[in-house]
Amino acid sequence: MWCRRLARLFEVPCQLSGTTRRRSPWLPRDGRTVPAAAARWHHTDPESLKCAWQLHGDHLELRYANTLMRFDFVWLRDHCRSASCYNAKTNQRSLDTASVDLGIKPKAVRVDETTLFLTWPDGHVTRYGLEWLVKNSYEGQKQQVMHPRILWNAEIYRQAQVPSVDCQSFLQTDEGLKEFLQNFLLYGIAFVENVSPTKEDTEILAERISLIRETIYGRMWYFTSDFSRGDTAYTKLALDRHTDTTYFQEPCGIQVFHCLKHEGTGGRTLLVDGFYAAEQVLRQAPDQFELLSKVPLKHEYVENVGDCHNHMIGVGPVLNVYPWNNELYLIRYNNYDRAVINTVPYDVVHRWYAAHRTLTAELRRPENELWVKLKPGKALFIDNWRVLHGREAFTGYRQLCGCYLTRDDVLNTARLLGLQA
Ligand SMILES: C[N+](C)(C)CCCC[C@H](N)C(=O)O
Ligand SMILES: O=C(O)CCC(=O)C(=O)O
Ligand SMILES: [Fe+2]
């Protein structure tokens, strides 16, 4: 069926089943160069099973540090780190990959305690550290997450007692910034306290971690319920949980909110961890999770109010996962801005609605809702690729300012501080 066919694209080849392969004898050929020949296991130390390798017609199979890895020969040639193939100063490849024969095979292979040596038909020698191979192989990656996270519901988040970071420490110390970013990466939300309640000071905060992503709403936006823009956000109405800018081909990565004033009632902010909810869907109904991650949808923003004329369209599934490890990296969920569904046939549409209902039920569980009242001085950063926000209806005068941040630059800052991002 349609979805199954798509799914097959991402199907991961089965790991070698040890039983069939291990029939070959494990020959002790310590450190010796073996001509590229028929498949059989070799290992560096006859007493230890730490490292063993076997050459096949089109790939090298290597077992090291409890990881069974398979490397395509072109891949092995392409990733050569020798001085002529790779510029270690710029961390860029010099080798022209298109010049590698797609049928290339190593002339000789040798493995010692730490290193794999390959000699290519033209005599060129490639060396790989075995640790490097484990870290950089597909099989090694599959066992890891790209982004370590703590999924939460209201109870988990409260129990964690994640501290807000003080504005001074955020702006002036690397430790403060790092603590803030670590919280942000783990939970998808983070607060800075004791910020001066102005748009300018909020901008300084934003610039500390990233480039500001300028959009149709401006660079720093600032709004009250005056319907100056053709969107419900600019009213006093309640807003159900959603992510923003789903109608961009790449939705904004981070949302910053700072409430500068509120004289009235209501207006609390709702936060829901979209990945926690999606994880529940995966457990209950993996087929529905898969459907939500495969069916492409459009979201749309059509505005014609005053001088503002905009028409934005973004296409993508609700759940976006890395195909090699099924890890979620982006949820696109906004029922207000979802466009006409015309990208899937009727029977898939029906199953999609059922899957969307399951996800929505999870997102709406009261125990998953974190309600906070934003106050002047307390800035909130939200991972708009993960955490949904909403708003309670309000009365009176309320001013909210903030901006969007470019995700790449936030993650860049985090990595430079030594965090895994
Ligand atoms: C006011 N502010 C600029 C933050 C958001 C406006 C965007 C509202 C839109 N419905 C969306 O969800 O993307
Ligand atoms: O008014 C609010 O608290 C948030 C409104 C909203 O969803 C937005 O600006 O993106
Ligand atoms: Fe929003």
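Residues numbered from 1 in each chain as written. Chains lettered and ligands numbered in written order. Predicted model: local features only at pLDDT ≥ 70, side-chain atom pairs only at ≥ 80, totals over all residues. Heavy atoms only, no water.

J.: I keep staring at the overall build of the protein chain and nothing clicks. Help me out?
T.: Check the secondary structure of the protein chain and you find 13 helices and 26 strands. A buried classification covers 50% of the 421 residues belonging to the protein chain. Sequence-distant contacts, at least 24 apart, represent 70% of the contacts inside the protein chain between residues at least 6 apart. Counting only carbon and sulfur atoms, one obtains 51% of the accessible surface of the protein chain, whose full area is about 20400 Å². (Helix = DSSP H or I, 4+ residues; strand = E, 2+ residues; numbered from the N terminus. Buried < 20%, exposed > 50% of the residue type's maximum accessible area, 1.4 Å probe, protein only. Contact = heavy atoms within 4.5 Å. Areas by Shrake-Rupley, 256 points an atom, 1.4 Å probe, with all protein chains shown as cover.)

J.: Explain helix α13 (residues 407-416) here, please?
T.: An α-helical turn contains 3.6 residues, so a residue and the one three or four places further along point in the same direction. If you check which residues of α13 are buried, you get Arg 407, Val 410, Leu 411, Thr 413 and Ala 414. All buried residues of α13 lie within an arc of 155° about the axis, which places them on one face of the element. In this structure, α13 carries Asp 408 and Leu 416 as exposed residues pointing more than 90 degrees from its buried face. Buried-residue contacts for α13 involve α8 (174-187), α9 (199-209), β17 (254-263), β24 (379-383) and β26 (397-405). Immediately beyond the C-terminal end of α13, within one or two residues, lies Gly 418, with a positive phi of roughly 90°. (Arc of directions from axis to C-beta.)

J.: Would you explain the coordination of the iron ion (ligand 3) in this entry?
T.: Every protein donor of the iron ion (ligand 3) is listed here as His 242 (NE2), Asp 244 (OD) and His 389 (NE2), and their distances to the metal cover 2.1 Å. Counting residues between consecutive donors of the iron ion (ligand 3) along the chain gives the motif H-x1-D-x144-H. (Donors = N, O, S within 2.8 Å, 3.2 Å for Na, K, Ca; no water.)

J.: Help me understand the UniProt feature "domain: TauD/TfdA-like" (unreviewed entry) in the protein chain, please; the structure alone is not making it clear to me.
T.: Here the UniProt-annotated "domain: TauD/TfdA-like" (unreviewed entry) positions come out as residues 164-404. Helix makes up 29% of residues 164-404 and strand 32%. Its end C-alpha atoms lie 20 Å apart. (UniProt positions renumbered as here; feature names shortened; annotations may be inferred.)

J.: Would you take a moment to explain the sheet that holds strand β23 (residues 370-372) for this structure?
T.: By definition, the strands of a sheet pair up through backbone hydrogen bonds, in either a parallel or an antiparallel sense. Taken together, the four strands give an open sheet; going across it, the order is β16-β25-β18-β23, and neighbouring strands pair in antiparallel fashion. A single partner strand is all that each edge strand has here, and the edge strands are β16 (239-242) and β23. This sheet shows a mean twist of 20° between the axes of neighbouring strands, independent of strand direction. The pairing of strand β18 (residues 269-273) with strand β25 (residues 387-391) spans five bridges and is antiparallel. (Pairing = 2+ DSSP bridges. Axes fitted to C-alpha atoms, helices over the stretch in contact; angles between N-to-C directions.)

J.: Just checking my understanding: could you explain the pattern of salt bridges for this structure?
T.: Close approach of charged atoms allows side chains of opposite charge to pair. For the structure shown, the criterion picks out 18 salt bridges. Across the pair Glu 327 and Arg 149 runs a salt bridge whose closest N-O atoms are separated by 3.9 Å. Placement of Glu 327 in the loop between β21 (319-321) and β22 (328-331) and of Arg 149 in the loop between α5 (138-142) and α6 (154-160) is noted, with a sequence separation of 178 residues between them. Arg 149 gets classed as partly exposed once you look at its relative accessible area, which sits at 22%. (Salt bridge = Lys/Arg side-chain N within 4 Å of Asp/Glu carboxyl O.)

J.: Just checking my understanding: could you explain the site of ligand 1 for this structure?
T.: Around ligand 1 lies a shell of 13 residues, among which Asp 231, Asp 244, Thr 245, Tyr 247 and Asp 337 are the nearest. A distance of 2.7 Å separates a nitrogen atom of ligand 1 from a polar side-chain atom of Asp 231. Here an oxygen atom of ligand 1 sits 2.8 Å away from a polar atom, N or O, in the main chain of Thr 245. For ligand 1, whose unbound accessible area comes to 380 Å², protein coverage reaches 95%. Residues belonging to the shell around ligand 1 are distributed by class as follows: six nonpolar, four polar and three charged. (Near = heavy atom within 4 Å. Polar contact = N/O pair within 3.5 Å; in protein donor to acceptor, adjacent residues only side chain to side chain. Nonpolar A, V, L, I, M, F, W, Y, C, P; charged D, E, K, R; others polar.)

J.: Honestly, the packing of aromatic side chains in this entry has me stumped. Any pointers?
T.: Within this structure, the stated rule accounts for 20 aromatic pairs. Members of the aromatic cluster, joined through ring pairs, are Trp 221, Phe 223, Tyr 234, Phe 257 and Tyr 404. Over the face of the ring belonging to Trp 41 we find Arg 63, whose NZ or CZ atom lies 5.5 Å from the ring centre. The ring of Phe 117 has Arg 110 sitting right over it, with the charged end atom 4.1 Å from the ring centre. (Phe/Tyr/Trp six-rings, centres within 6.5 Å; stacked < 30°, edge-to-face > 60°. Lys NZ or Arg CZ within 6 Å of the ring centre and 35° of its normal.)

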